[in-house]
Every structure is written in C-alpha cells, then in structure tokens.
Amino acid sequence: MRDEVDGLVEAWRAERPDLDVEPLQVLSRVSRLARHLDRARRSVFTEHDLEPWEFDVLAELRRSGAPYELSPGRLLRATLVTSGTMTNRIDRLAQAQLVRRLPDPADRRGVLVRLTDEGRERVDAALADLLRCEESLLGALGSAERARLAALLRTVLAPLDGPE
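Residues numbered from 1 in each chain as written. Predicted model: local features only at pLDDT ≥ 70, side-chain atom pairs only at ≥ 80, totals over all residues. Heavy atoms only, no water.

Labelled according to an unreviewed UniProt entry, the chain appears under the name MarR family transcriptional regulator, originating from Thermobifida halotolerans.

Have a look at this one:
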C-alpha cells in the first residue's frame, strides 16, 4: 500500500540524495493525519453548533467532574491560551448559555466557570459523535496496533509536552 508521503519521500531522495529524509516517513504522515483529523473534528463540531475552541473549554469543564466548574486560571492553563483570550471565550460561552460564572467561595475576588446543563448536553453529544468519527479514522488498525501506535506517539510527545 502506498500513500502521498511515499511519493514525496522518493522525490526528495532523488533531488537531495545528500540529505537523510527518513524523518519525513513519520512526521509527514503525522502532519497529514492531523489535517484529516482537524477536518473531521470541525465537521463534527459544526453539527453540534460548536467551534473547536468551544469544545475544548466545555470538554475541560466536563472532565473536571461534578459540579463541572473550574477557575478561569485552570481553564487557561489546560487550553494553553492567554488570560485575555480565555476571558473572551468565557464571555462568549456564557452569552450562549453554555457556561455561567459563579463567585468562588474560596476567594471573594475570584470566579468559577460552571458548565450549564445545555453545555453538558452539547459537549456530551459532540464527544459521542467525535469518538465515532475518530473510530472510523483508525478503522484499519486492530487494537494491538492502536496500542503500539499510541505508545510510540507517547514516546515522541511526552518530552515535547513537558514543562516549559
């Protein structure tokens, strides 16, 4: 079985035999897969009237467990955005009635962001459809192959995802 990357690697080998193009075998495939995954995710989120960033924030709240609330600081660290961006996102999600702000009982000046019932229903439905979609993307792999691929990707990503 051949894919697009096989062709580009062959072309680079022919044009630049002085370079080791072996990293392209893996990373070009990861890059192409990321684009396919991004398109699939955007399609699923659109079906649920969500932007990818909205799903990310709602999913972080949902994963936090009942009562599904976090501080804006925890949300921004989890989603890797600036405080200004997070404030804007919380404003927009609150306006859409997917989250609400509550006073933080542990900090009189602080607030907590809580997932509303509508937000929970929306993120739950989007997640179920997302998992069906992602299952189809991995359909050519058996469970042992998926586990091996996950382990290999973890080995590459763990040092990159570590503290900065």
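There is more to say, and it comes next.
K.L.:
Got a minute to help me understand the pattern of salt bridges in this structure?
P.N.:
Oppositely charged side chains can form a pair if their charged atoms are brought close together. A complete count under the given rule lists 15 salt bridges for this structure. A salt bridge links Glu-22 to Arg-13; the shortest N-O distance between them is 2.9 Å. Given the relative accessible area of 39%, Arg-13 is considered partly exposed. One salt bridge in this structure joins Arg-41 and Glu-134, with 2.7 Å as the shortest N-O distance. A residue pair is termed long-range when its members are at least 10 positions apart, and Arg-41 in helix H2 (residues 22–47) and Glu-134 in helix H6 (residues 117–137) qualify at 93 residues. A residue is classified by how much of its surface remains accessible, and Arg-41, at 33% relative accessible area, is partly exposed. (Salt bridge = Lys/Arg side-chain N within 4 Å of Asp/Glu carboxyl O. Buried < 20%, exposed > 50% of the residue type's maximum accessible area, 1.4 Å probe, protein only. Helix = DSSP H or I, 4+ residues; strand = E, 2+ residues; numbered from the N terminus.)

K.L.:
Looking at this model, I keep getting lost on the sheet that holds strand E3 (residues 107–115). Mind explaining?
P.N.:
Within a sheet, adjacent strands bond to each other through the backbone by hydrogen bonds, running parallel or antiparallel. Read from one edge of the open sheet, three strands run E1-E3-E2, paired in antiparallel fashion. Bordering the open sheet on either side are strand E1 (69–70) and strand E2 (99–104), each of which pairs with just one other strand. The strands touched by helix H5 (residues 83–95) within the sheet are E2 and E3, with E2 carrying the most contacts at an inclination of about 115°. (Pairing = 2+ DSSP bridges. Contact = heavy atoms within 4.5 Å. Axes fitted to C-alpha atoms, helices over the stretch in contact; angles between N-to-C directions.)

K.L.:
Looking at this structure, how should I read a nonpolar patch on the surface?
P.N.:
Judged by side-chain polarity, Val-26, Leu-27, Val-30, Leu-149, Leu-153, Val-156, Leu-157 and Leu-160 come together as a nonpolar surface patch covering roughly 700 Å² of accessible area. Of all the secondary structure elements, the ones that give two or more residues to the nonpolar patch are H2 and helix H7 (143–161). It is H7 that provides the largest number of residues to the nonpolar patch, a total of five residues. Here Val-156 lies in helix H7. (Patch = residues over 30% accessible without salt bridge, like charges linked within 9 Å, V, L, I, M, F, W, Y side chains within 5 Å. Areas by Shrake-Rupley, 256 points an atom, 1.4 Å probe, with all protein chains shown as cover.)

K.L.:
What is the right way to look at the nonpolar core in this model?
P.N.:
When a protein is soluble and globular, its nonpolar side chains tend to lie buried together. Core analysis: the largest hydrophobic core is formed by 25 residues, its most contacted members being Phe-55, Leu-58, Leu-61 and Leu-75. Of all elements in the fold, only H2, helix H3 (52–63), H5, E3 and H6 reach the threshold of two or more residues within this core. Counting residues per element, this core draws most heavily on H3, which supplies six residues. (Core = buried A, V, L, I, M, F, W, Y, C linked by side-chain atoms within 4.5 Å.)

K.L.:
Help me understand the layout of surface pockets, please; the structure alone is not making it clear to me.
P.N.:
Where empty space is left in the structure can be found by rolling a water-sized probe over the atoms. Approximately 880 Å³ is the volume attributed to the largest pocket. In this structure, the largest pocket is lined by 23 residues; those nearest its centre are Arg-29, Val-30, Leu-33, Leu-149 and Leu-153. Residue assignment for the lining of the largest pocket shows that the elements contributing at least two residues are helix H1 (4–15), H2, H6 and H7. Considered class by class, the residues forming the lining of the largest pocket number 15 nonpolar, two polar and six charged. Taken as a whole, the second largest pocket encloses approximately 360 Å³ of empty space. (1 Å grid on protein atoms, 1.4 Å probe; cavity = no way out; pocket = protein on both sides within 12 Å on 5 of 7 lines; lining within 4 Å. Points joined across faces, edges and corners; volume = space filled by probe spheres on them. Nonpolar A, V, L, I, M, F, W, Y, C, P; charged D, E, K, R; others polar.)

K.L.:
Explain the environment of Leu-127 here, please?
P.N.:
Along the chain, the position of Leu-127 falls in helix H6. For Leu-127, a relative accessible area of 37% corresponds to the partly exposed category. A sequence separation of 79 residues divides Leu-127 from His-48, and the C-alpha atoms of the two residues are 9.8 Å apart.

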